[in-house]
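Per-entry structural report
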Amino acid sequence: MVVSTSCKCRRNFLSCLAFIVLATSLLQGAMAQTAYSSTTHQLQRLQDPNVIISNSNGTTVVYSPLTGDEIPQGLATDGSGSGTSLPASLWIAFSFTLGLPLLLAGFRGWRFTTGAAIGVSVAMTSWSVFVNTLDNVGISDITLTALVLSLFFLGFLFGLLEVGRMAGLLQLGIQGGFAIGIRIVLLRSRLLISDPTAFFVNWLLIAFCGLACAVLVVWKQRVGMLLGSASVGSFLCALGTDLAINQQSGMSRGLRYLIDRNRYHVVDTINNGYFPPTTTFIIIALSIALTPAFAYAQHRLFKGPFCPIYHDDLESLHASKESLVDEEPKDEPSGKETPATTPPDTPVDSTAHLNPPDDLPAPAAKPQTVPASTGDSTSSS
């Protein structure tokens with residue numbers, strides 16, 4: 001009896017153990033399937049409708065929805081280099097060489113500042129085009145870096161010319177706003193709005209900041225130029241500092257994650273994501289907080305206008321209006337009479353110039369000599 005009871009207990013124990021193992025296996029399979037579905041769905045939402053994601057045997061394969069062909073994947077280094085390689089060192093030197101003058105004395109830079117504004121705009125635009133149009137093979141990081149920096153130099157030269165002055169003023173405001181918006185978006189892992197379906201909201205925020213600073217340049221040019229110079233300068237200095245400390249895992253990774261939507265980089269983008277170290281968040285937050293401080297410092301140091309007076313300059317228009325107001329005659333203090341500058345209203349005789357005045361003495365009459373007659377002279381003889 002005791003033996004049968006123990007056998008029954010053993011069988012029940014084994015049954016329970018088998019049930020637990022089976023339930024655990026089913027639960028793990030369900031969790032794995034959920035994770036796979038979530039990752040696949042997230043990848044599809046990231047690039048849909050450009051790609052179709054298939055994950056089989058632990059390998060992620062990307063297909064084109066138009067042709068059904070497989071899209072080969074490459075690394076999204078995007079010219080950043082690795083570690084302290086030559087491309088990375090060039091970006092660090094570029095960031096500090098351009099950022100420090102703009103941060104400390106951008107308002108006094110005049111042509112240097114307008115050239116830097118157009119150059120940064122050209123460099124960012126060209127880099128975005130390159131990283132989103134290259135295939136999986138792409139080009140080397142040093143080649144891409146050299147191309148972008150060369151295009152920056154051409155834009156910088158255009159900003160130095162007279163024809164590029166007005167464009168440089170507006171571009172400085174736009175780029176300053178973009179610099180603020182991008183840093184706000186990078187203040188959180190996987191960007192400020194991490195939901196792939198609402199990814200566009202990040203760019204809406206960046207575009208709003210750029211538009212607001214551009215309007216500020218037109219409305220209050222001095223304030224806009226001060227803020228734009230300090231914003232672009234602090235952004236570049238923060239980027240250079242973060243590249244030196246965190247290399248390609250900080251702001252560099254955030255910029256690539258934000259801008260690179262290339263279908264050949266889908267796997268690299270989603271697998272690596274944007275998870276910067278804490279020091280990156282500290283550097284970004286400090287750069288945002290110091291932007292208005294450096295703008296105000298430049299305002300106190302540089303009292304004059306941004307550039308010499310030109311008739312078509314935004315600031316010159318305001319200056320010319322103020323100068324016209326200053327040239328208007330000011331009223332004399334009360335109690336003092338000003339001499340009349342116009343003669344009293346008296347009738348004027350149109351023939352007054354023909355008659356001499358009454359108070360002038362009449363000219364003396366000249367004695368008249370009468371000629372002697374011929375008869376008188378004969379009698380006298």
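Just so you know, these numbers come straight off a predicted model, no measurement behind them. (Residues numbered from 1 in each chain as written. Predicted model: local features only at pLDDT ≥ 70, side-chain atom pairs only at ≥ 80, totals over all residues. Heavy atoms only, no water.)

What about the overall build of the protein chain?
Going by this rule: By definition, any uninterrupted DSSP run of H or I lasting at least four residues is a helix, any uninterrupted run of E lasting at least two residues is a strand, and each is numbered from the N terminus. Whether a residue is buried, partly exposed or exposed follows from its accessible area with a 1.4 Å probe, protein chains only, as a fraction of its type maximum: under 20%, in between, or over 50%, in that order. By definition in these notes, contact holds between two residues if any of their heavy atoms fall within 4.5 Å. The protein chains shown are the only cover counted for residues, whose accessible areas, like all others here, come from Shrake-Rupley with a 1.4 Å probe.
A count of helices and strands for the protein chain gives 12 helices and 2 strands. Burial analysis of the protein chain (381 residues in total) assigns 35% to the buried set. Contacts spanning at least 24 positions in sequence make up 74% of the contacts within the protein chain whose residues lie at least 6 apart. For the protein chain, the accessible area works out to roughly 22600 Å², and carbon and sulfur atoms hold 67% of it.

Thoughts on the nonpolar core
In plain terms, the rule: Here, nonpolar core means buried Ala, Val, Leu, Ile, Met, Phe, Trp, Tyr and Cys residues that are tied together by side-chain atoms lying within 4.5 Å of each other.
Core analysis: the biggest nonpolar cluster contains 46 residues, and Leu-98, Leu-191 and Leu-258 have the highest contact counts within it. The biggest single contributor to this core is helix 7 (residues 221-246), with 9 residues. The contacts of Leu-98, once residues within four sequence positions are left out, are Phe-112, Ala-116, Val-120, Phe-152 and Leu-236.

So, the packing of aromatic side chains
Put simply, the rule reads: Centre distance within 6.5 Å is the pairing criterion for rings of Phe, Tyr and Trp, where only the six-membered ring of Trp is used; planes under 30 degrees apart are then read as stacked, over 60 as edge-to-face, and the remainder as tilted. Lysine NZ or arginine CZ positioned within 6 Å of the ring centre and within 35 degrees of the ring normal marks a charge as sitting over the ring.
Summed over all chains, the structure comprises 4 aromatic pairs. Relative to Phe-156, the ring of Phe-112 lies with its centre 5.7 Å away and its plane at 75°, an arrangement referred to as edge-to-face. Of this pair, Phe-112 sits in helix 3 (residues 111-133) while Phe-156 is found in helix 4 (residues 141-160), placing the two residues 44 residues apart along the sequence. For Phe-156, a relative accessible area of 15% corresponds to the buried category. A cation over an aromatic ring shows up here: Arg-111 above the ring of Trp-110, its NZ or CZ 4.4 Å from the ring centre. Positioned over the ring face of Trp-219 is Lys-220, at 5.7 Å from the centre of the ring.

Description of the packing of helix 3 against helix 5 (residues 165-185)
Stated precisely, the cut-off is as follows: Axis definition: a line fitted to C-alpha atoms, limited for helices to the stretch in contact. Angles are taken between N-to-C directions and run from 0 to 180 degrees. Whether a crossing is left-handed or right-handed is set by the direction in which the near helix is turned from the far one by less than a right angle, anticlockwise for left-handed and clockwise for right-handed. Classification convention: Asp, Glu, Lys, Arg as charged; Ala, Val, Leu, Ile, Met, Phe, Trp, Tyr, Cys, Pro as nonpolar; all other residues, Gly among them, as polar.
Following both chains from N to C, one finds helix 3 and helix 5 inclined at 65°, their axes separated by 8 Å at the closest point. When the axes of helix 3 and helix 5 are compared, the crossing they make is left-handed. Contacts from Thr-113, Thr-114, Ala-117, Ile-118, Val-120 and Ser-121 of helix 3 reach helix 5 at Arg-165, Ala-167, Gly-168, Leu-169, Gln-171, Leu-172 and Gln-175. Partitioning the contact of helix 3 with helix 5 into residue classes produces 6 nonpolar, 6 polar and 1 charged.

Quick word on the side chain of Thr-291
Among the structural elements, Thr-291 can be located in helix 10 (residues 278-301). Setting aside residues up to four positions removed in sequence, Thr-291 forms contacts with Arg-183, Leu-227, Ala-230, Ser-231 and Ser-234.

Points about the pattern of salt bridges
Applied cut-off: The working definition used for a salt bridge is a side-chain nitrogen of Lys or Arg within 4 Å of a carboxyl oxygen of Asp or Glu.
Counted according to the given criterion, the structure contains 3 salt bridges. For Arg-165, the salt bridge is made with Glu-162, and the minimal N-O distance between the two is 2.1 Å. With a relative accessible area of 37%, Glu-162 lands in the partly exposed category. Overlapping salt bridges bring together Arg-111, Glu-162 and Arg-165 as one network.

Details of a nonpolar patch on the surface
For clarity, the cut-off: Patch membership requires over 30% relative accessible area and the absence of a salt bridge. Like charges are linked within 9 Å, and nonpolar side chains (Val, Leu, Ile, Met, Phe, Trp, Tyr) within 5 Å.
There is a patch of nonpolar side chains on the surface, built from Leu-86, Leu-90 and Ile-142 and spanning about 230 Å² of accessible area. Within the element layout of this structure, Ile-142 appears in helix 4.

A word on the state of the cysteines
Cut-off, in case you're wondering: Cysteine sulfur atoms are paired as a disulfide whenever they come within 2.5 Å of each other.
Per the stated rule, a full pass over the model turns up 0 disulfides. Not engaged in a disulfide, the cysteine Cys-209 finds its nearest cysteine sulfur in Cys-213; these two sulfurs lie 6.9 Å apart.

Observations concerning unusual backbone geometry
Excluding glycine, residues mostly have negative phi values, and the peptide bonds linking residues are mostly trans. With a phi close to 75°, Leu-191 is a non-glycine residue in the positive phi region. Tracing the backbone shows Leu-191 in the loop between helix 5 and helix 6 (200-219). With a relative accessible area of 0%, Leu-191 lands in the buried category. Residue Gln-247 is not a glycine yet carries a positive backbone phi of 55°. Within the secondary structure, Gln-247 is located in the loop between helix 7 and helix 8 (251-259). Judged by relative accessible area, which is 31%, Gln-247 ranks as partly exposed.

With respect to the environment of Ser-140
By the secondary structure assignment, Ser-140 is in the loop between helix 3 and helix 4. With relative accessibility at 36%, the residue Ser-140 sits in the partly exposed group. As a C-alpha pair, Ser-140 and Gly-81 span 59 residues in sequence and 8.8 Å in three-dimensional space.

Observations concerning the environment of Thr-133
As for its position among the elements, Thr-133 is in helix 3. Sequence separation between Thr-133 and Arg-263 is 130 residues, and the spatial gap between their C-alpha atoms is 8.9 Å.

Details of helix 4
Quick reminder of the rule: Each helix should span, by expectation, one fewer than its residue count multiplied by 1.5 Å. Our arc is simply the arc of the directions from the helix axis toward the C-beta atoms.
Counted at 1.5 Å a residue, the expected span for helix 4 with its 20 residues is 28 Å, and the 29 Å between its end C-alpha atoms agrees. Restricting attention to buried positions, one finds in helix 4 the residues Asp-141, Leu-144, Thr-145, Val-148, Phe-152, Gly-155, Phe-156 and Gly-159. The buried residues of helix 4 occupy an angular sector of 110° when projected down its axis, which confines them to one face.

Some remarks on the confidence of the model for the protein chain
To keep it simple, the criterion reads: As a per-residue measure, pLDDT reflects the predictor's confidence and takes values from 0 up to 100.
Considering every residue of the protein chain, the mean pLDDT works out to 76; 65% of them sit at 70 or more. Contacts from residues 17-49, a stretch scored under 50 in pLDDT, to residues over four places away or in other chains number 22 contacts. Scored below 50 in pLDDT, residues 372-381 makes 0 contacts in the model with residues more than four places away or belonging to other chains.

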